[in-house]
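Examining the three-dimensional arrangement
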Amino acid sequence: MLHKHIARHTKKYVRHITKYLYERDTFFATIAVFVFLILLGMIPINFYVLNPMKLALKDFDFNDIAYAKLEKTANVKKDNRIVVVNTGHLDRAELGFLIEKVSSYNPKVIGLDIFFKGEREPDKDSILREAFKKTKNLVAVSVGIWGEHDFTIDSNNFDDVIPKRGYANLIGEDIGTIRYYSPFETVGHEKYPQITTAIIKEYDHEAYEKLEKRHKEQEFINYKRRVNTDVKQYQIIESEDMMADNVDSNLLKNKIVLLGYINYDPNDVEDKKFTPMNDKFAGKAIPDMNGIIVQANIISMVLDTDYIHKMPKWVAWVVAIIIGWIHMSLFIRYYLESHIWFHLVAKLAQLFSVIAFAYLGILLFDKFEVKLDMKYTLYVIALAVDVIYFYEAFVGWLHRKYGYQTIFGHHHNPLENATHHNNDHHKHETTTHQSTTHEHH
Amino acid sequence: MKKIVYFFIVAFFPFLVSAQENMFVIYSVKGTVSVVENKVETKAKIGTIINNGSTIKVGAGSFATLLCNETKMFSLNKAGSYTTSSLSDSCKTNNSSVSANYMKYIWNEMTKSKGTPEKNRKAYMSNVGAVGRGDVNNVWVDQRLDSVNYVSGTIPLSWKCFVDEAEEFEFRLYDASKTKVIFPKAVKKKHVNISEISQLIQPGQTYYWNATVKGEPENTARQYLHYKTKDEYQAFLTTIKKADGTESEAEMNFRLGFVLEENHYIGEAYNYYLKATQLDPTNSFYRNTFMSFKKDFEIK
């Protein structure tokens, strides 16, 4: 008995959505939403120049909620292939000693995430130079600069003694979230690797080849691990512990050792980046991750071949069209038949749709590492309500001028038969609807 | 027979899985920390794997941060020996799914109401318009207890806390070097009675103490505690006993209580204030002073 009751009610509510689904006007109104959306996009002026909401959410991605609030990566294990040694504020001579000490633990690759501009005290420079000469498995960073047409590498004080290099540049707006990186760039006529690519080439040639074969200009970074006072998903060793041999002899053996600056103080923002893992997913104000940990995340991703698959744009548009169409059908049903409830239903539908589709996006991202851009869908749902009014006016005009048959008929049209504008709204709407549907069939 | 064996395997499989051993790795270490394995004690180093059945020893003032199953981090900052089985509770992880967390988050956001800064200043007053200096510490010790001269009896070494939800505190008693912890204790109350440490301290020696909210960094401030010998105290008492004019017994006791309090003999001051109020119970000044004294030092 109960299941029949549930089935009957479900049918009833499904009917609310599907009643107008195959009407010509529902199709055209949905298309109108997209036309409106495209027209808005074609306006060459940034209307959000003084829009605080738009500015605050410029860097926003729904999937960031998964990191910030949903503990997406809370149970990800420490990556045992990578060890980070915190160089702190060591001078060049101390860095030289540290590199030699790290090297004595037989790591497979040492990645140095520090660049050296110009000369300093000759004795200290000389110690560091010697350390570079001795350490054959060292890969160091350089800084790339995009000119008008080409990418060039800035000169570095120890270029002559460090043959293996990679640029440290990441992709992101100035004070913006780092979501992408470019694995290779062309310098002159040669392919020049990013630092993580250069490190992976030394550590795991198979993973390197896989990355190379992807032929992607830029890769989405799949962040999985962080390091802060509460969570340590990479092994961090302080330079003092390293120098004092306070480290197990097997900890660095055959591993990737990254040397870079780590600090846990939220007020120290030196080399800290905004990432999707920031606790604030909207209006990010304090950078959350040291640059070296961003690089470590890239290495982990490439070694695990754990790339994020971004859905093509057309999929996002198709999803937006289907969802927009279903919403339009529901909105038109209430617009014509229960106008008094129209705005309430529309607002509730928008709210629940945002929650549901944001969830769908997060779920795809979490379970399948697929990034589907749901923003078009959400734009369409938001615009649909306003577009109905425009559409109604437009088809009203077509009806008067060319006798275009529409389910909107005389609804809300003051120029049409004045007798329709009595208080018996519902009755009128039903009548007009019935007549048009007959003609359709 | 086979069926019975299969039955037991199937029935107890979940228990076998849940009884899986945890794996501990030392993530960082400070001070004297060692690992005892097969009765052999070795210095704990970063990256040392602690096998099942091993014991980790943490010395006074030292700490070790461990990772359990390469996921869950926790610290051992109390001196003592810990077996791997005693640490298994620290391995518990939050296994709620992203979907469950999403629903929880949406519900909390939809039902949360903080009001506006104009109407609910309590919820919006976490912004501090000042700089912080020194360590972040939520425990504060009254200046009156900055120095204590102890002779006998008991008084509470108390503190105040700025965090309402703090449930447990770490009390530490240091030797004269201010660095070596000779008595660490986790307490739920905001005080430790001197009687609890009287066995550990020697007359004529200087000690220091402090307290922190459990889990917060160690407080750099140290409160002075001098265990005076009976002779030292008697010599001091003789100097202050002399009075220029005549005074009643109650007056003398009150005066001695006051001078002893000024000179940080809190326990002894208590006795003299008490005596003064007993000798002259009608004197409201004595009574009020004694009550304020008890309140200031949180003597019940």
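Since the structure is predicted, the reported quantities are computational estimates derived from the model, not experimental observations.

Along its length, chain A carries 14 helices and 16 strands. The proportion of buried residues among the 441 residues of chain A is 37%. When contacts within chain A are restricted to residue pairs at least 6 apart in sequence, long-range pairs at least 24 apart make up 77% of them.

Here the focus is the overall build of chain B. When helices and strands are counted, chain B shows seven helices and 17 strands. Residues counted as buried form 25% of the 300 residues belonging to chain B.

Taken together, the contact pairs 24 residues of chain A with 18 residues of chain B. The set of elements that each furnish at least two residues to the side of chain A that touches chain B consists of strand S11 (235-238) and helix H12 (339-368) of chain A. Take the side of chain A that touches chain B: its biggest share by element is five residues, from H12(A). Class assignment of the residues belonging to the side of chain A that touches chain B gives a composition of 11 nonpolar, four polar and nine charged.

Given a rise of 1.5 Å per residue, 17 residues ought to cover 24 Å, and the 24 Å separating the end C-alpha atoms of helix H1 (residues 2-18) of chain A matches this to within 8%. In terms of burial, H1(A) is largely open, as just zero of its 17 residues are buried.

With that settled, consider the pairing of strand S3 (residues 138-142) of chain A. The side chains of a regular strand alternate between both faces of the sheet. Residues and elements named next belong to chain A. Burial analysis of S3 places five of its five residues in the buried class, which makes it a mostly covered element. Here S3 shows a buried face lined by Leu-138, Ala-140 and Ser-142 and a second buried face lined by Val-139 and Val-141. Pairing of strand S2 (residues 109-112) with S3 involves three bridges; the strand directions are parallel. Looking at the pairing, Ile-110 lines up with Leu-138 of S3. Each parallel crossover has a hand, and the one from S2 via helix H6 (residues 122-134) to S3 is right-handed.

Time to look at unusual backbone geometry. A positive phi angle, close to 55°, is found at A:Glu71, a residue other than glycine. One can find A:Glu71 in the loop between helix H4 (64-68) and strand S1 (82-86). Phi is positive for B:Lys39, close to 65°, though the residue is something other than glycine. The class for B:Lys39 is exposed, based on 6 C-beta atoms found within 10 Å.

Turning our eyes to something else, we now look at the confidence of the model for chain A. Predicted confidence across chain A gives a mean pLDDT of 85, with 89% of residues reaching 70 or more. Contacts from residues 413-441 of chain A, a stretch scored under 50 in pLDDT, to residues over four places away or in other chains number 24 contacts.

Right, let's talk about the sheet that holds strand S12 (residues 256-260) of chain A for a bit. Residue and element names in this part refer to chain A. A sheet is described by the order of its strands in space; here six strands give the open sequence S6-S3-S2-S12-S1-S11, paired in parallel fashion. Because the sheet does not close on itself, it has two edges, and the strands there are strand S6 (165-167) and S11. Each strand axis lies, on average, 25° off the axis of its neighbour in the sheet, ignoring direction. The strands touched by helix H7 (residues 195-203) within the sheet are S2, S3, S6 and S12, with S6 carrying the most contacts at an inclination of about 145°.

Moving on, we get to the sheet that holds strand S1 (residues 24-30) of chain B. All names here are of chain B. Read across the open sheet, the four strands follow the order S4-S1-S6-S7; overall the sheet is antiparallel. Of all strands in the sheet, those bounded by a partner on one side alone are strand S4 (49-50) and strand S7 (72-76). Of the strand pairs in this sheet, S1 and strand S6 (residues 63-68) are connected by six bridges, and their pairing is antiparallel. The partner of Val-25 across the bridge, within S6, is Leu-67.

Among the nonpolar cores identified, the biggest contains 115 residues, and A:Val84, A:Val102 and A:Phe331 are the most heavily contacted of them. Considering every element that reaches this core, the biggest residue donor is helix H11 (residues 313-337) of chain A, with 10 residues. Dropping the residues within four chain positions of it, A:Phe331 is found in contact with A:Ala346, A:Ala384, A:Val385 and A:Ile388. Residues B:Leu173, B:Val192, B:Leu225 and B:Leu256 belong to the second largest nonpolar core, which totals 36 residues.

Attention shifts here to the environment of A:Ala207. Residues and elements named next belong to chain A. Residue position: Ala-207 is located in helix H8 (residues 205-214). Judged by local crowding, Ala-207 falls into the partly exposed class, with 18 C-beta atoms found within 10 Å. It is 5.6 Å that separates the C-alpha atoms of Ala-207 and Leu-303, two residues lying 96 residues apart in sequence. Residues in contact with Ala-207, not counting those within four places in the same chain, are Ile-200, Val-302, Leu-303 and Thr-305.

Basis of the calculations
- Residues numbered from 1 in each chain as written.
- Chains lettered and ligands numbered in written order.
- Predicted model: local features only at pLDDT ≥ 70, side-chain atom pairs only at ≥ 80, totals over all residues.
- Helix = DSSP H or I, 4+ residues; strand = E, 2+ residues; numbered from the N terminus.
- Buried ≥ 20, exposed ≤ 12 C-beta atoms within 10 Å, placed from the backbone.
- Contact = placed C-beta atoms within 7 Å.
- Nonpolar A, V, L, I, M, F, W, Y, C, P; charged D, E, K, R; others polar.
- Expected span 1.5 Å × (residues − 1).
- Pairing = 2+ DSSP bridges.
- Right-handed = clockwise from strand over helix to strand, strands pointing away.
- pLDDT = per-residue confidence, 0-100.
- Axes fitted to C-alpha atoms, helices over the stretch in contact; angles between N-to-C directions.
- Core = buried A, V, L, I, M, F, W, Y, C linked by C-beta atoms within 7 Å.

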